[in-house]
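Per-entry structural report
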Amino acid sequence: MAYKQNNTLSKLETLAQILYGVKVFRFIFFFYAFLSFVFWFLNCLEVEWLYLFTKLFIIPVIIVRTFYVPEGVSADFTLAIVGGISLIIGFIFDFSVNTMYQKILKLQEEEERRIQKRKMQRKKIAKPTMAPLEADITTTEPLENSKLIFLIQPHVNKIKRKETDLELTFQEVEIWKQRVNKKLLENVIYSKPMQKGYYRKNLFLMYKDFNYVDDFIYYIKPTLDSIVLEFRRYGISLSFSYVLSAIAKIETLEKELDCMDTILSLNFINDFIVTNRFKITYDNKPIHQYSMLLKGEYNLSKNLSISNKQPLYSLSDGKHTERGEI
């Protein structure tokens, strides 16, 4: 589908992950520079057991001494020069990788914009008189042969163990989000979604039978909890925003995802938010394992000049009455 990542975007994301991993090699140069300075200092003090570690510096020392010969000086600066060169290489390596990484992220954003632009152009050609999105956000009838849609957005933060710990950069957050989405896909493969992909960098799943909803919610809760615990071991704190909805025709999927993406922007955390479409379709089921509490009415229009308030609900266990409007 048009809103799935194409091959170019997928390759860029893979390259970004590789570059992010390569960045750790800069610490090798920094550590080698540290060793060189320490051993140079010990060598100046004429520590006898240093000869045990000469193999660590044989090649760099040979290279340096082709240009520098310590004759007629009181101290041999060869190891200090090796340390300085290692330090410079480390900084150059770090700068180069970061520059390439930033360019890859920029190319990703440009590719995503091109995909969105092509989608809009196709829509204009196919449906030049199509009504605005806001005109079809809700429905008052249950959807026959409806399909279940799930859209999820991870929120990533670093667990600060010390006051001096730095926050994650934007690029690091994006990398961790990709890892979370990958792990989530691996864990829901058993459910055999009819379709899966990304809409504006957020993962969506679609199931051909809406009646699968109770089983889906039953299994997705512990799945997300296990992912939260797993990433906590890496020092990452996770929370999620997610939305459930329903559609009758696949042709309306993109339009519905656009609406659900707006709901994600409301930042309901760790709360199963459902649309009015979902509620009406779910209420039409003969057996209900979950009830819905009214969260309030929210303007889901992306056009600031148009007000389009729609009710949103929170899914909960047991039987409850609806709360008043917010």
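These notes cover the structure that comes with them. Residue positions are given per chain, counting from 1 as you read along its sequence in written order. Only residues with pLDDT of at least 70 get local features here, since the model is predicted, and only at 80 or more are side-chain atom pairs given and counted; chain-wide, interface and lining totals rely on the full set of residues. Calculated side-chain values reflect all of the structure's heavy atoms, with hydrogen atoms and water omitted.

**Remarks on the pairing of strand E1 (residues 147-158)**
Of all the 12 residues making up E1, 10 are buried; the element is thus mostly covered by neighbouring parts of the structure. We call two strands paired when DSSP finds no fewer than two bridges between them. Helix and strand definitions here come from DSSP, where helices need a minimum of 4 consecutive H or I residues and strands a minimum of 2 consecutive E residues; each element is numbered from the N-terminal end. When E1 meets strand E4 (residues 236-247), the two strands line up antiparallel, connected through 12 bridges. Within E4, the position partnered with Asn-157 by the bridge is Ser-237. In terms of strand pairing, E1 meets strand E3 (residues 202-207) through 5 bridges, oriented antiparallel. If you follow Leu-148 over to E3, its bridge partner there is Tyr-207. A 1.4 Å probe rolled over the protein chains alone gives each residue an accessible area, and that area as a share of the maximum for its type sets the label: buried under 20%, exposed over 50%, partly exposed in between.

**A short note on the pattern of salt bridges**
One side-chain nitrogen of Lys or Arg within 4 Å of one carboxyl oxygen of Asp or Glu is enough to make a salt bridge. Enumeration according to the criterion identifies 9 salt bridges in this entry. With a shortest N-O distance of 2.8 Å, Asp-283 and Lys-279 are connected by a salt bridge. One end of the pair, Asp-283, and the other, Lys-279, are both in helix H8 (residues 276-283), 4 residues apart, so they sit about a helical turn from each other. A relative accessible area of 36% places Asp-283 in the partly exposed class. Since its relative accessible area comes to 15%, Lys-279 is described here as buried.

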